[in-house]
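# A look at the structure
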Amino acid sequence: MAVQGINKHAVLPPILSRSDKKFLESIQRYIITEIEKVGCTEEGPADEYYIIYRNVFDKVIDYVTTYKSILTLIKKEYDAFIETMKKNQRTTFSLHGKLKVWAAEPTTFVYHRKRIIQLEEKLRVIENNSSKIQLEIDKIKQCRAEYDTEGIKCQVPCKNPSKPIPGMTLQESVNLDDLKKYLKHLEDKCTEMKQVKEKKYVPIQRKDDLEEEIIMLLKRRDVAENMKKELQLRFNELMSLGEYEKAAYLTANSPRRILQNIGTMDKFKDAGRIKGKPFPLLLFFEAIFSTSHAFKSPVDAELTLEGIKCGLSEQRLDLVINWVTQEKLTFCEKAGDVIYDYGEHNINSKAKCLALAQIIYNECGLYKKALLCQCKQGQIHEVMEHIQHVKDLTSDDLLNLIKLCPNTKLIHSLTKEWNGKPPVLSFSLAVLHLFSIDMKKVVIKLLQEINEGEKATIECLMINDPLCSMESWQEIAAKCLQNGFQKLSNNIITILRSQAGVSEISKEDDTVNLMDHVFW
């Protein structure tokens, strides 16, 4: 009984050979590795999974030689089926867009019918008005005919040449010079009236030309609208398929930059990042900037700013350098500020960022910020040459410059003669300003350099100082003494006392100038 209860058809699981087991393990490792490479999730993109498992199928076919022909036919059918599904998907997407257009046609038709009714009503009003006007014209013609038959004629007033000229006295009307002046006045008035007439009134021929021009512009607008719709449809299809590089190329080469706008940029930004592939937004900016020379006008300022931000966020300073030096961009102050700030936070790139920001600031006419970039690059000679040509720089601007770039070499250059021209900044004003904003280290270094020099150096500074007052130099001498520069303090006091006719002044008198005795 026990023997009869045993299932005679039960089959034991196949015993895998070592080579089969090794093959299956390699196949499993390949599947896991490839899925991780493309960054697929558990519900990952069908195309990625399809490519991986198609390669696995090929490997199985190559390994199982006995069933190779049958498996090859099966794979061929599956490939054909998948390709048909993809084609149907693209066709469905295209038909969906057309369906939207067709769905809007009834609404458009209703609007047109409504507009026809409005125009017909307006036409009836115009016809009624025309009838009334025609009746009035007929009445006037009839009245005129009656007057003509009765012999009544209109009396045309004629000017009396013996009357005096309006606006002139009798003495002026017989004076030749006054008559010439009045004639010139009338000629000018006549010329002015002709000019006003030309501006206010347009010949009928010009009206016809303008109407033809309007018709041509409307046709061009319709063509551009149709072209935009076609390009938008191709662009949306590429974006939906994940062909971001092709979509970026299409955008960059679109006629008249139809697709180059903030809306298109937002679509690339919304695409996000894809593991193992370039950032779609960066592809967009690379495409539009690389083709900018093909257009007459440069890329607008808003896209320029966003492109520079994207390049820097991706650590692609090399691309930003290339874009800026192409000179086919529209620069703005914010673009320069973004590059400047990036250099402040990335020490290795600071020199390049300062040079780029300087280019942008100069293009925008922001010379104060351009000077700051030059100062931070150590180009003191170029800064001084630039300052000589900028007329609207004030002492406050220069004080702010040394505050942002506290360089003693710069301060020395600003407070000394330059190419035979007087100093552009007062030395005493600079020193006292730095003390007031708690930049004591810079002042100490500056005073130390002067203290090591000769007495003639400080004397030259004091004499050539355009705003040097006795009180200011006395304050500087006191500061020097407080910080251990006794020699410099003594030299300043000695020079002050050695000036002819100079004596100690009280604090109440703050209008005394060190060089008053020179002018008296």
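Described below are features of the structure shown in this document.

Rules used in this analysis
- Residues numbered from 1 in each chain as written.
- Predicted model: local features only at pLDDT ≥ 70, side-chain atom pairs only at ≥ 80, totals over all residues.
- Heavy atoms only, no water.
- Core = buried A, V, L, I, M, F, W, Y, C linked by side-chain atoms within 4.5 Å.
- Buried < 20%, exposed > 50% of the residue type's maximum accessible area, 1.4 Å probe, protein only.
- Helix = DSSP H or I, 4+ residues; strand = E, 2+ residues; numbered from the N terminus.
- Contact = heavy atoms within 4.5 Å.
- Axes fitted to C-alpha atoms, helices over the stretch in contact; angles between N-to-C directions.
- Parallel < 35°, antiparallel > 145°, perpendicular 65-115°, else oblique.
- Nonpolar A, V, L, I, M, F, W, Y, C, P; charged D, E, K, R; others polar.
- Patch = residues over 30% accessible without salt bridge, like charges linked within 9 Å, V, L, I, M, F, W, Y side chains within 5 Å.
- Areas by Shrake-Rupley, 256 points an atom, 1.4 Å probe, with all protein chains shown as cover.
- Salt bridge = Lys/Arg side-chain N within 4 Å of Asp/Glu carboxyl O.
- Lys, Arg positive; Asp, Glu negative; His and termini not counted.
- Charge placed at Lys NZ, Arg CZ, Asp CG, Glu CD.
- Phe/Tyr/Trp six-rings, centres within 6.5 Å; stacked < 30°, edge-to-face > 60°.
- Lys NZ or Arg CZ within 6 Å of the ring centre and 35° of its normal.

With that settled, the discussion passes to the nonpolar core. Judged by nonpolar contacts, the single largest core of 50 residues is most densely connected at Ile402, Ile458 and Ile492. Of the residues forming this core, the biggest block, 6 residues, is contributed by helix α18 (residues 427–436). Those residues in contact with Ile492 that sit more than four places away from it in its chain are Ile458, Met462, Trp473, Ile476, Ala477 and Cys480. Formed by 42 residues, the second largest nonpolar core is a distinct cluster that contains Leu259, Leu281, Val299 and Val324.

In this section: the packing of helix α8 (residues 262–270) against helix α10 (residues 301–313). The contact between α8 and α10 brings their axes to 11 Å, and the two run at 20°. Looking at the two axes, α8 sits roughly parallel to α10. Where α8 abuts α10, its residues Ile262, Met265 and Lys269 lie against Glu302, Leu303 and Glu306. Looking at side-chain class alone, the contact of α8 with α10 contains 3 nonpolar, no polar and 3 charged residues.

This next bit is on a negative patch on the surface. Together, Asp208, Asp209, Glu211, Glu212 and Glu213 make up a region of like negative charge exposed at the surface. Tracing the backbone through its elements, the reader meets Glu211 in helix α6 (residues 204–240).

Let's shift gears to the packing of aromatic side chains. Going through the model one piece at a time under the given rule, you end up with 6 aromatic pairs. Between Phe284 and Phe285, the ring centres sit 5.1 Å apart and the planes meet at 65°, which makes this aromatic pair edge-to-face. Here the two residues Phe284 and Phe285 agree in accessibility, since each one is buried. When the centroid spacing of 6.0 Å and the interplanar angle of 20° are considered together, the rings of Phe285 and Phe289 count as stacked. With Phe285 and Phe289 both in helix α9 (residues 280–290) and 4 residues apart, the pair spans about one turn of that helix. As far as the burial class goes, Phe285 and Phe289 line up, both buried. Between Lys59 and the ring centre of Tyr30, over which it is positioned, the NZ or CZ distance is 4.2 Å. Its end group placed over the ring of Phe279, Arg273 keeps NZ or CZ at 4.2 Å from the ring centre.

Considering the arrangement of structural elements, one finds Gly167 in the loop between α3 (68–150) and α4 (170–173). Since its relative accessible area comes to 80%, Gly167 is described here as exposed. Along the primary structure Gly167 and Tyr182 are separated by 15 residues, whereas in three dimensions their C-alpha atoms are 9.3 Å apart.

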